[in-house]
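# An overview of the molecular structure
So the chains spell out like this:
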Amino acid sequence: MNETVQMRTWAEVSLDNLAHNYHTLRAMLPQGCRFLGLVKANAYGHGAGAVGRKLQALGADMLAVACLDEAAELRRVGVTLPILCLGQTPPELAHLLLECGVTQTVSDLETGKALSAAAAAAGKQLRIHVKLDTGMTRLGFLWTEDRALQERALDQIARLCALPGLEVEGFFTHFADADSNEEYTMRQLTRFLDARQALADRGITFEICHCAASSAVLNYPCTYLDMIRPGIALYGYYPAPELAGLDGPGLLPVLTLKSRVAAVREIPAGTSVSYGRTATLERDSRLAVLPIGYGDGFSRQFSNRMEVLLHGQRCPVVGRVCMDMCMVDVTDLPQVHAGDVAVIYGQEGLLDQAAQLAGTIPYELLCNVNPRVPRVYLENGR
């Protein structure tokens with residue numbers, strides 16, 4: 001028996017669509033430009049282990065995570081690619097970075113000193129990438145047009161690169177507004193290139209310089225440098241609607257969230273539906289009960305607002321979304337019965353619609369698909 005028959009709600013992850021997106025983005029690059037795939041936050045909800053292994057098989061050069069635990073998970077499932085940890089790791093855990101062979105981002109001199117001491121004490125070399133803050137105002141050595149700040153950053157980075165126990169491989173920054181503001185993005189790029197040149201003038205160079213996440217990959221080829229690091233685009237979504245099509249063939253959503261109709265009920269007009277009685281039926285209705293709710297990541301904000309697909313038709317959510325269930329109106333679809341499969345995200349722009357209703361972005365909704373929702377991986381049509 002197909003295991004999905006027994007599932008109340010599940011997410012189908014198409015490794016074929018992931019491969020399509022990978023090849024589409026890779027085809028945009030000049031020869032020699034490396035490809036880093038973002039697999040942080042459980043690969044944006046898609047399952048880091050399976051996605052990491054697939055990207056490795058496809059030929060990605062590196063993967064990136066947010067924290068050491070995510071890197072360790074990839075190692076446990078057999079991923080051998082270089083892994084860049086983008087977040088801070090406490091120096092007390094440097095031994096685990098070394099054991100897992102993880103490349104660590106360093107954003108300040110004090111952290112670098114502590115990591116250096118730990119690596120030197122272990123008699124090993126810890127590979128690092130140095131992060132420059134050119135305008136994201138999050139992590140990194142701060143670089144603006146202020147010459148005093150520039151000199152301070154140069155001095156600190158030079159001291160960092162001279163520390164024992166550290167193998168300084170990369171230098172990078174992150175754009176704050178590459179999906180909508182060209183002027184600010186180019187200002188950040190100029191700052192980064194100026195800093196790289198100023199460091200080169202001091203004899204400090206890097207094997208890999210990188211700054212292009214999904215928006216810049218699609219919009220600004222001048223930002224590719226030595227490596228790109230796409231995230232949401234890899235999973236089939238554009239960071240902004242105006243970026244659609246810049247890749248050529250078009251990206252394909254990798255995850256499709258589905259739920260199996262638990263029951264279809266005949267309910268008379270005038271009946272209220274769900275908690276708080278926020279909906280009252282205006283006609284005799286057929287309601288399909290779906291076993292998906294905010295406990296699965298289907299937000300309560302979708303109450304009385306969102307739609308799902310059943311038999312290829314949009315059906316509105318009626319009443320408040322519960323923790324484990326919600327109700328949808330299938331009055332005009334008499335063919336709907338218990339056991340039918342509803343598409344929640346992944347087709348017909350449903351995820352983008354949901355993000356607009358929730359006042360957020362597709363990234364968040366994908367990450368919010370709860371771990372209790374099984375991931376079913378599809379490849380070569382199976």
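The preceding data block contains the structure.
Residues numbered from 1 in each chain as written. Predicted model: local features only at pLDDT ≥ 70, side-chain atom pairs only at ≥ 80, totals over all residues. Heavy atoms only, no water.

### Things to note about the nonpolar core
The condition is simple: The criterion is simple. A nonpolar core is a set of buried Ala, Val, Leu, Ile, Met, Phe, Trp, Tyr and Cys residues joined through side-chain atoms within 4.5 Å. In this scheme, a residue with accessible area under 20% of its type's maximum is buried, one over 50% is exposed, and one in between is partly exposed, where area comes from a 1.4 Å probe on protein chains only. Residue contacts follow a heavy-atom distance rule, with two residues in contact if any of their heavy atoms lie within 4.5 Å.
Ranked by size, the top nonpolar core spans 120 residues in total, and within it Leu55, Phe171 and Phe298 carry the most contacts. Those residues in contact with Leu55 that lie beyond four places of it in its chain are Leu18, Tyr22, Gly37, Val39, Ala60, Leu63 and Leu234. The next biggest cluster of nonpolar side chains, apart from the first, holds eight residues, and it includes Val273, Ala279, Leu281 and Leu287.

### A few points about the packing of helix α1 (residues 15-26) against helix α3 (residues 48-58)
Spelled out, the test is: Between N-to-C directions, angles span 0 to 180 degrees; the directions come from axes that are lines fitted to C-alpha atoms, helices contributing only their stretch in contact. Helix and strand definitions follow DSSP, with helices as H or I runs of at least four residues and strands as E runs of at least two, each counted in order from the N terminus. To sort the angles, those under 35 degrees are grouped as roughly parallel, those over 145 as roughly antiparallel, those from 65 to 115 as roughly perpendicular, and the leftovers as oblique. Here a crossing is called left-handed whenever its near helix is offset anticlockwise from the far helix by less than a right angle, and right-handed whenever the offset is clockwise. For this scheme, ten residues count as nonpolar: Ala, Val, Leu, Ile, Met, Phe, Trp, Tyr, Cys and Pro. Four count as charged, namely Asp, Glu, Lys and Arg, and the remainder, Gly too, count as polar.
In contact at an axis separation of 11 Å, α1 and α3 are set at 45 degrees when each is read in the N-to-C sense. With respect to α3, the element α1 is oriented oblique. With respect to the hand of their crossing, α1 and α3 are arranged in right-handed fashion. Contact with α1, carried on its side by Leu15, Leu18, Ala19, Tyr22 and His23, involves Ala50, Val51, Lys54, Leu55 and Leu58 of α3 and no other residues of that element. Considered class by class, the residues forming the contact of α1 with α3 number eight nonpolar, one polar and one charged.

### Observations concerning the pattern of salt bridges
We apply this condition: Should a side-chain nitrogen of Lys or Arg be within 4 Å of a carboxyl oxygen of Asp or Glu, the pair is scored as a salt bridge.
Overall, the coordinates contain 18 salt bridges when judged by the stated rule. In this structure, Glu145 and Arg191 form a salt bridge, with 2.8 Å as the shortest nitrogen-oxygen distance. Taken together, the residues span a long stretch of sequence, with Glu145 in the loop between β7 (141-142) and α7 (147-161) and Arg191 in helix α8 (residues 182-201) at a distance of 46 residues. Classification of Arg191 as buried rests on a relative accessible area of 10%. Between Glu183 and Arg187 there is a salt bridge whose closest N-O contact spans 3.9 Å. Within this pair, Glu183 and its partner Arg187 are both found in helix α8, separated by four residues, close to a single helical turn. Judged by its relative accessible area of 36%, Arg187 is partly exposed.

### Section: the sheet that holds strand β12 (residues 263-267)
Strand pairing within a sheet occurs via backbone hydrogen bonds; the two strands may be parallel or antiparallel. Applicable threshold: Strands qualify as paired when DSSP identifies two bridges or more between them.
Within the open sheet, the nine strands sit side by side as β12-β15-β18-β17-β16-β19-β11-β1-β20. Their pairing is mixed. The sheet is open, and its two edges are formed by β12 and β20 (375-378), each paired on a single side. Neighbour-to-neighbour, the strand axes of the sheet open up by a mean angle of 35 degrees, direction not taken into account. Pairing of strand β15 (residues 285-290) with strand β18 (residues 326-329) involves four bridges; the strand directions are antiparallel.

### A word on the environment of Lys54
Summarising the element assignment, Lys54 is placed in helix α3. The exposure class assigned to Lys54 is buried, which follows from its relative accessible area of 15%. Taking C-alpha positions, Lys54 is 11 Å from Val39, a pair spaced 15 residues apart along the chain. Every residue in contact with Lys54, bar those within four places of it in the chain, is listed here: Leu15, Leu18, Ala19 and Glu379.

### Let's talk about helix α10 (residues 350-358)
Those residues of α10 that fall on the buried side of the exposure criterion are Leu350, Leu351, Gln353, Ala354, Ala355 and Ala358. Buried residues along α10 sit against β16 (307-310), β17 (313-318), β19 (341-345) and α11 (362-367). Gly359 sits one or two positions beyond α10 and adopts a positive phi of about 65 degrees.

### Quick notes on unusual backbone geometry
In this structure, Asn42 takes a positive phi of about 55 degrees despite not being glycine. A relative accessible area of 32% means that Asn42 is categorised as partly exposed. For Leu225, which is not a glycine, the phi torsion comes out positive at approximately 50 degrees. Position of Leu225 relative to the elements: it lies in the loop between α9 (214-219) and β10 (227-228).

### Considering the side chain of Thr173
Stated precisely, the cut-off is as follows: Any pair of N or O atoms that falls within 3.5 Å is considered a polar contact. Within protein, one atom must be able to donate a hydrogen and the other to accept it, and sequence-neighbouring residues count only if both atoms are side-chain atoms.
In this fold, Thr173 is placed in the loop between β8 (166-172) and α8. Looking at Thr173, its side chain comes within polar contact range of the side chain of Thr134, at 2.8 Å.

### So, the environment of Leu98
In this structure, Leu98 sits in helix α5 (residues 94-100). A residue is classified by how much of its surface remains accessible, and Leu98, at 15% relative accessible area, is buried. Sequence separation between Leu98 and Val77 is 21 residues; the distance between their C-alpha atoms is 18 Å. Among residues more than four places away in sequence, those in contact with Leu98 are Ala119, Ala122, Lys124, Gln125 and Leu126.

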